[in-house]
Every structure is written in C-alpha cells, then in structure tokens.
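The residues making up each chain are set out below.
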Amino acid sequence: MGIIKLKNSKSEVRNQKHGFTLIEIIVVIATIGLVLPAIFAIVFTILQQQIKIQRFSIVKREGDYVLDVMENVIRNYAQTIHSMRPPDDSNKICQTPTTENASYFKDKFGNWFRFYLNSSNKIASESSVIVDASGQPQPIDLNSSKTKVTNFVIQCYSTASYSPPVVNISFTIEYNTSSSRPEEKASLNYQTKVKLRSY
C-alpha cells in the first residue's frame, strides 16, 4: 500500500498547475499602475532641475567672465573717462561726486576703449587698437548667443577732487530662451565698483 500512495502523490503533484491566479495578476497590475506615474513624475522633475542647473551654470560662467574682463581692463588700463570719441580734455567726465554715464575710457598711451550693450543684447568691447582694414573699430562680444544681457549700466563719479574716479558696473544676464515657463529661465544680477588707478 505504501507504493500506491507514492504513485498517487506523484500524480497529484503532476496534476496541480503552477501559475498566478487572476486576483494576483490584477493586484500586481494595479500596484504597477499606481507606482509608475509617481516614478515618471520624479524622473521628470529631476530632468527639469538638471536643465535649470545647466542653464544657471552657463549664465554664471558667462556673467563672471564679462564682469571679470570689464573690471580688470578698467582697473588696469583706464586712466580717464570721457563722454565721446575721440577722448580729450574737453569731454573728460567723472571729476565730481555727481554720477555720470561712462562712455569711453582712455589709457596712458592715448588709446580709447569702451563697453556697451549692442543690438543683439550682448555686452561688446570696442577699442581704437582693434580695427579692420579701413581703420574702423571692430567690436568684440563678451557673452555668447546662449545668454542675453539687460539693464546694462556703466556710470562713474569721483569721491574727492584729487582721487581717481569710481566706476559702477551693473547688468542682468539671463539664459536666452523664448519660453515663458519659469522653470526654463535662469538669470543673475551683477554689480561691482572699480576704482581707477591713479597715475
């Protein structure tokens, strides 16, 4: 009789089907249906934040570069500040405590240079040293087309009669995008003061 029971138990094992019941499958599909949208929302948010971080990185890198170039060139080379070109004693400005717009700078060799906001919303540098074949100044853009500059102001004033002028530089640089969505925008404000060296 023991042998017969073994044969019956083996046949019972063979007749049992292994698999998932309908309820188990429905529970798994429902669980996936609830978890999957949450996972996609998290991944989408992370991707958006990465894009914003990348844009802020570009804006900061270009803003730091523009400010550094202007600050170093003005501090190291500018001797006087003028309202128009060619710079001479008749259009010298920033000799009083009154704030004035700084247009042109003159170095100790008599060469002039300036920084201005061009029509492409870029800060450009122009000087009497860098010219084309016809002798016209060739402007150089300080920021790329990935960014645009607004609210660019460069002003100067003197703190005392015999002290060198102080130049205020301020601008807003932002990522150049046509999107109006706040998560796709990145902008930074820059402001500094540069005191000319007394010669």
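The structure we're discussing is the one just above.
Reference entry: report on the structure contained in this document. (Residues numbered from 1 in each chain as written. Predicted model: local features only at pLDDT ≥ 70, side-chain atom pairs only at ≥ 80, totals over all residues. Heavy atoms only, no water.)

## Digging into the sheet that holds strand β1 (residues 80–82)
- Spatial strand order, β2-β1-β4-β5-β6-β7: 6 strands in an open sheet with antiparallel pairing. Either end of the sheet is taken by a strand with one partner, and the two such strands are β2 (92–93) and β7 (140–141).
- As defined by bridge partners, β1 adjoins β2 across 2 bridges and the pair is classed as antiparallel. Among the inter-strand pairings, His 82 is bridged to a residue of β2, identified as Lys 92.
- Along the sheet, helix α2 (residues 22–77) contacts β4 (104–106), β5 (112–117) and β6 (123–127); its crossing angle with β5, the most-contacted strand, is approximately 155°. (Pairing = 2+ DSSP bridges. Helix = DSSP H or I, 4+ residues; strand = E, 2+ residues; numbered from the N terminus. Contact = heavy atoms within 4.5 Å. Axes fitted to C-alpha atoms, helices over the stretch in contact; angles between N-to-C directions.)

## Regarding the packing of aromatic side chains
- On inspection of all chains with the given rule, the structure shows 5 aromatic pairs.
- Judged by centre distance (6.1 Å) and plane angle (75°), the ring pair of Phe 113 and Phe 115 falls under edge-to-face.
- Taking the relative accessible area as the measure of exposure, Phe 115 reaches 3% and is therefore buried.
- Between Phe 171 and Tyr 190 the ring centres are 5.3 Å apart and the planes differ by 15°, which places this aromatic pair in the stacked class. (Phe/Tyr/Trp six-rings, centres within 6.5 Å; stacked < 30°, edge-to-face > 60°. Buried < 20%, exposed > 50% of the residue type's maximum accessible area, 1.4 Å probe, protein only.)

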